[in-house]
Amino acid sequence: MAARLARLVDEGVLVRERYQEHPPREHYRATEKGAELHAVLLALMTWGDRWYAGEAGPPARIRHLDCGQDTTPVMACGHCGGPLTSANTTELPGPGGRTGPGTQVLGPLLAARTA
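Residues numbered from 1 in each chain as written. Predicted model: local features only at pLDDT ≥ 70, side-chain atom pairs only at ≥ 80, totals over all residues. Heavy atoms only, no water.

Novice: Would you explain the overall build of the protein chain in this entry?
Specialist: Secondary structure assignment for the protein chain yields 4 helices and 4 strands. In the protein chain, the succession of helices and strands from N to C terminus is α-β-β-α-α-β-β-α. For the protein chain, the residues scored as buried account for 9% of the 115 residues in total. Within the protein chain, contacts between residues at least 6 apart in sequence are counted, and of these 6% link residues at least 24 apart. Only carbon and sulfur atoms are counted for the fraction: they give 58% of the accessible area of the protein chain, which is about 9,900 Å². (Helix = DSSP H or I, 4+ residues; strand = E, 2+ residues; numbered from the N terminus. Buried < 20%, exposed > 50% of the residue type's maximum accessible area, 1.4 Å probe, protein only. Contact = heavy atoms within 4.5 Å. Areas by Shrake-Rupley, 256 points an atom, 1.4 Å probe, with all protein chains shown as cover.)

Here it is as structure tokens:
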């Protein structure tokens, strides 16, 4: 577990902060990079709840603090607000999508879509 936390610190997802000197105790706090990962984790949780929750229902709920209601995360278009699904989206090459090291599969696939 310590190695996994250290990796998240090394990657800039978490920062370790000492909150007590005697005895020394530390906790982990999400960085800005880590906080942005929250949406990904909520999406995975929603998927798991749909496909793996038992008859009793999901093990946890999401409460939206702004309105006080339990909610389900929804992926939406930043332009029109419509829902994003695999049926109504496609991937296109972006400015960093050149074919090169690390992009042997994705780069050519995206480039072929615009040809």
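More follows now that the structure is in view.
Novice: Hey, could you run me through a nonpolar patch on the surface in this one?
Specialist: A grouping of Leu37, Val40, Leu41 and Leu44 is seen on the molecular surface, where their side chains present a nonpolar patch of about 350 Å² in accessible area. Following the sequence through the fold, Val40 ends up in helix 3 (residues 38–52). Its relative accessible area of 44% is what places Val40 among the partly exposed residues. (Patch = residues over 30% accessible without salt bridge, like charges linked within 9 Å, V, L, I, M, F, W, Y side chains within 5 Å. Salt bridge = Lys/Arg side-chain N within 4 Å of Asp/Glu carboxyl O.)

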